[in-house]
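For reference, the chains in residue letters:
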Amino acid sequence: MDIANSSSTPQGATVTRSRRTIPLTTKTSACILCECNCGIKIDLDGRRFATIRGDKEHPGSQGYTCEKAMRLDYYQNDAARLTSPLKRTPEGEYVPIGWDQALDEIAAKLAEIKERHGPGKLLAYASGQGDHMGLAGVASVMGYMESPFASTALAQEKAGEVWVDTQMYGTHTKGNFEHAQVLFFLGKNPWQTHSFPKARPVLREAARDPERTLIVVDPRLSESAEIADIHLRVKPGRDAWLLAAMVGVLVQEDLVDHDFLAKHTTGSERVLKAFRDTPVAEFAEISGVPEELVRRTARVIAAAESASFYEDLGVQQSAHSTLVSYLDKMLWILTGNFARKGCQQLHSFMIPLGVPSNGKWWRRKKNSAPLPYPVPMWAYRAVKVATGATKPFGKLADRAVSAALASPRFAPRFERAAKAALDLGIGLVPKGLRLIPKLPDGSSPVTGARIISGQIPCNSLTEEILTDHPDRFRALFVVSGNPAHSLAESARWRAAMRALELSVVVDVAFTETAQLADYVLPASSQFEKAEATFFNFEFPQNVFHLRKPVLDPLQGTLTEAEIFARLSQRFGILDEPALERLRRAWKNGPNSYLAALAAAVAAKPSRVAMLTTIVHETIGQDMDESLRPAAIMWFACIAAMFMNGKSLARAGFTGKGLEPATKLYEKLLSTETGVVFTQDDWGDSWNYVTTPGKKIRMVIEPLLQEVATLQDPQRRSWTSAEFPLVLIAGHRRSYTANTIIRDPVWRRRGGDGALQISKVDAAALGLSDGDPALLTTKGGSVVVTVEVGDIMLPGNVALPNGMGTTHPGVLREGAAGVGPNELTSIEDRDPIAGTPWHKHVPARLEALSAAG
Ligand SMILES: Nc1nc2c(c(=O)[nH]1)N[C@H]1C(S)=C(S)[C@@H](COP(=O)(O)OP(=O)(O)OC[C@H]3O[C@@H](n4cnc5c(=O)[nH]c(N)nc54)[C@H](O)[C@@H]3O)O[C@H]1N2
Ligand SMILES: Nc1nc2c(c(=O)[nH]1)N[C@H]1C(S)=C(S)[C@@H](COP(=O)(O)OP(=O)(O)OC[C@H]3O[C@@H](n4cnc5c(=O)[nH]c(N)nc54)[C@H](O)[C@@H]3O)O[C@H]1N2
Ligand code: SF4
Ligand SMILES: [Mo]
């Protein structure tokens, strides 16, 4: 598809094949617009992306892309890209300043905040779909500020599911839809939102095959619901009743897999008992789905040879979200649809998602920084053996390594000795996660909100700032996220950012969040540096793609790795002689490097907090600046080796000691497309279960108690006479991609982000298709255009996500469409995980004339 043939590019210049004089260069990369990160081939015309197509060599996406990838030029060549650091003046204007000035001032302000208020006062917010490597550097700032507090977009969507997963089997699950006989999508519209490879062909095939059943649970007639064999058109927010009824049917009609439960689970008796008396008929009625259809669907799942499940925002951002996650898991556990072809799977990770952090934990060990890649204890042993130092601590450690590496005769011996020591050390580390500390649960400093997977719930963040509590956050770093747009109650977020003593945004664009920051630092785009996603969730083959730079960095921008390296050099923790020793050690071999790193940390423990910078400046020493962010992957490969040694070996990464990791690292660097890094067999899913005895723990007591509260008639509805409608504040459409592309011209359709409404509601309000109307929630009022049709149930209206962004080049003023979080409120959230109720906002709609 040629973007140029059909539309004008952001700068208005039209690129056509006929006008092209120089032959196109073709580069390999990946789409960055959703977690799938499909492999792509880009034909470059100068710096323009002239044509884009799927990369057939990519082992995950195998040539597939959706329509959005074709429009990536609007991301890469947006006329409004940032090209200079910006500083906010007291009047709220933004003036360009030099990199040195920006970094000097930020470092000085951080020092002042740490000095005045003590440790733990920095909040790091990061997000992104395709640029997770760039986030690593912020760990240096967190380390310096001795503050483990972080949050990401996951803490407003997946936190409840993570909480359930962790207790039941320890880690994340994923369906195997390509082979499943039954495909079950709960509050998920995979036709538009994908989340698994080649989603549309897989869905189309399942829908066409009479032997297979595609089930979609959604109050909207979504694109996926339209092709589904069974569409459970649940009333908004009533999924808990629907799923409890389905679990009730499984238990009461004895459709459960007793062998599976006996062999692989604990607590099944307690669960079966809890659902023995569930009033199926009554709950079905509350959910809005006919009882007979509820029963039939449960039977279809129970009878299937294989079934796979995906729950997403429609339930995770709505009422009872954590409970619904639990009930969703019950459907496949009770029917034994796990660890077989076409069933639910646990899978490998390159690195586990989530930074370990915990309020209590960091207070106890003040100097231990939260690190995604902690230096393993066994490396200390390496220094001891390799250098002969009995106590490889203090200055002695540095000196011993220096001496060893300085002698051309002793250096090779040092590498061998370090290897021997590490082999021994690695051998002693029990299989499992020794390298990665167990993620502790903890709570946020001000409100005590539950930290899940190292992340503070997004809905709590402003409460941790807008207070006079002494432990409130004083500084904020945002890297690749737009929380002023994406988190509940944008107005409150704006106030919070003004209340901070320092806020820094690292982004490619002047986003809604950047427009509030004290400093804005321009990053090179994801096509101008080495980058990757850590959303690697596939099984039995899991794929990692280390993307190489497609273009040189845009003038004035830096990679995040370089930005954080330059910033942390100003912290006074790293010194050039130490870095020089490590550079020499890397040249001597990977074992020497790890030993030298252990020595460097033994000599000065605070250096451990600067690991990402150290790696960038040492392992990355001979790389081009735009490839250098990839250096951190060496540590990621070590983490992957520790977590998934056998699966790595089956994928061809074998050897003793560090060899598998080093081989994987080299393969990632030398391969343009994605690489299969772990290979498993169907039953190997059990290897990833971390609960005792590898048994699924079925009882989560507070959730079983919540099931009982579903009988309470007072707690079924959140609407009122004032706000009689339920607004879905942001769902995904064909041309939405969060706020990664800001130029509204990128949208082929749906540019105004109309409000979907049923014919019944429209008639009652006197509205016709295309009319303007006033939409009001307790959060605020906005003017919308209505789109009348059969998509919505009466009483339910829906706005797209990702709208309401400003664009100085294309829009003279204002924004395109409505930012949904102008209408949401931080109070409406799940009691356990703190996840927002974006899909369930009580609202009122008025024809504009009536509203006056
Ligand atoms: N095109 C596109 N694709 C994307 C993205 C994008 O921005 N654009 N973003 C990516 C990201 S970050 C994510 S997290 C995923 C999200 O992927 P999805 O969760 O699929 O995204 P949504 O469209 O927001 O919500 C899914 C569905 O939930 C339904 N829903 C609303 N209320 C309820 C309810 O009460 N019960 C039930 N059962 N369903 C309800 C909506 O009607 C909608 O069809 O998409 C990813 N893919
Ligand atoms: N009401 C409502 N709110 C929602 C949702 C909803 O459905 N309804 N969905 C929620 C969900 S699931 C999600 S995931 C979030 C998404 O919201 P956020 O997590 O805030 O993500 P984005 O809006 O995609 O912002 C990503 C930012 O990264 C920037 N960026 C792109 N490339 C680079 C790079 O190379 N380096 C740097 N430093 N920055 C880069 C982009 O310019 C953009 O500003 O929104 C959430 N908010
Ligand atoms: S938006 Fe997602 S599914 Fe579509 S091409 Fe990009 S990565 Fe693939
Ligand atoms: Mo998301």
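All of these numbers come straight from a predicted model, not from anything done at the bench.

**A word on the side chain of N591**
Okay, step 1: Tracing the backbone through its elements, the reader meets N591 in helix α24 (residues 590-603).
Okay, step 2: Taking relative accessible area as the criterion, N591 reaches 6% and is therefore assigned buried.
Okay, step 3: The contact partners of N591, leaving out residues within four places of it in the chain, are E415, A418, K419, L422 and L658.

**Re the pattern of salt bridges**
Okay, step 1: Scanning the model with the defined rule gives 48 salt bridges in all.
Okay, step 2: A salt bridge links E463 to R829; the nearest nitrogen and oxygen atoms lie 3.1 Å apart. Of this pair, E463 sits in the loop between β16 (450-451) and β17 (475-479) while R829 sits in the loop between β29 (815-816) and β30 (841-847), and the two are 366 residues apart along the sequence.
Okay, step 3: Owing to a relative accessible area of 21%, E463 belongs among the partly exposed residues under this scheme.
Okay, step 4: A salt bridge links E722 to R844; the shortest N-O distance between them is 4.0 Å. Here the residue E722 occupies a position in the loop between α28 (701-709) and β23 (725-731), and R844 occupies one in strand β30, the gap between them amounting to 122 residues.
Okay, step 5: Look at R844 and you get partly exposed, because its relative accessible area is 25%.

**Section: the UniProt feature "domain: 4Fe-4S Mo/W bis-MGD-type" (unreviewed entry) in the protein chain**
Okay, step 1: Following the UniProt record, one finds the feature "domain: 4Fe-4S Mo/W bis-MGD-type" (unreviewed entry) at residues 24-80.
Okay, step 2: Secondary structure within residues 24-80 divides into 7% helix and 35% strand; the distance between the first and last C-alpha atoms comes to 25 Å.

**What to know about the packing of aromatic side chains**
Okay, step 1: As enumerated under the stated definition, the model contains 26 aromatic pairs in all.
Okay, step 2: When the centroid spacing of 5.3 Å and the interplanar angle of 45 degrees are considered together, the rings of F184 and F309 count as tilted. In this pair, F184 sits in strand β9 (residues 182-186) while F309 sits in strand β13 (residues 307-311), placing the two residues 125 residues apart along the sequence.
Okay, step 3: On the basis of an interplanar angle of 85 degrees and a centroid distance of 5.3 Å, the ring pair of W586 and Y593 is categorised as edge-to-face.
Okay, step 4: Ring-pair connections join several aromatic residues into one group, and the members of that group are Y169, F260, W332, F338 and W686.
Okay, step 5: In this arrangement the basic side chain of K114 is found over the ring face of Y144, its NZ or CZ atom lying 4.4 Å from the centre.
Okay, step 6: The ring of Y310 is capped by K188, whose NZ or CZ atom sits 4.8 Å from the centre of that ring.

**Focus: the site of ligand 2**
Okay, step 1: The full set close to ligand 2 counts 34 residues, and S127, S486, D507, E560 and T739 are the nearest of them.
Okay, step 2: For ligand 2, an oxygen atom lies 2.9 Å from a polar atom in the side chain of K529.
Okay, step 3: N821 is positioned with one of its side-chain polar atoms (N or O) 2.9 Å from a nitrogen atom of ligand 2.
Okay, step 4: Here ligand 2, which alone exposes 920 Å², has 97% of that area covered by the protein.
Okay, step 5: The set of elements that each furnish at least two residues to the shell around ligand 2 consists of α20 (483-486), β18 (502-507) and β23.
Okay, step 6: For the shell around ligand 2, a count of residues per class yields 10 nonpolar, 17 polar and seven charged.

**Things to note about the sheet that holds strand β1 (residues 25-30)**
Okay, step 1: Spatial strand order, β1-β2-β3: three strands in an open sheet with antiparallel pairing. On the outer flanks of this sheet lie β1 and β3 (48-54), each paired with one strand and no other. Strand-to-strand twist across the sheet, computed as the mean angle between neighbouring axes with direction ignored, equals 30 degrees.
Okay, step 2: As paired elements, strand β2 (residues 39-45) and β3 share six bridges and run antiparallel to each other. Of the residues in β3, the one forming a bridge with D43 is T51.

Basis of the calculations
Residues numbered from 1 in each chain as written. Chains lettered and ligands numbered in written order. Predicted model: local features only at pLDDT ≥ 70, side-chain atom pairs only at ≥ 80, totals over all residues. Heavy atoms only, no water. Helix = DSSP H or I, 4+ residues; strand = E, 2+ residues; numbered from the N terminus. Buried < 20%, exposed > 50% of the residue type's maximum accessible area, 1.4 Å probe, protein only. Contact = heavy atoms within 4.5 Å. Salt bridge = Lys/Arg side-chain N within 4 Å of Asp/Glu carboxyl O. UniProt positions renumbered as here; feature names shortened; annotations may be inferred. Phe/Tyr/Trp six-rings, centres within 6.5 Å; stacked < 30°, edge-to-face > 60°. Lys NZ or Arg CZ within 6 Å of the ring centre and 35° of its normal. Near = heavy atom within 4 Å. Polar contact = N/O pair within 3.5 Å; in protein donor to acceptor, adjacent residues only side chain to side chain. Areas by Shrake-Rupley, 256 points an atom, 1.4 Å probe, with all protein chains shown as cover. Nonpolar A, V, L, I, M, F, W, Y, C, P; charged D, E, K, R; others polar. Pairing = 2+ DSSP bridges. Axes fitted to C-alpha atoms, helices over the stretch in contact; angles between N-to-C directions.

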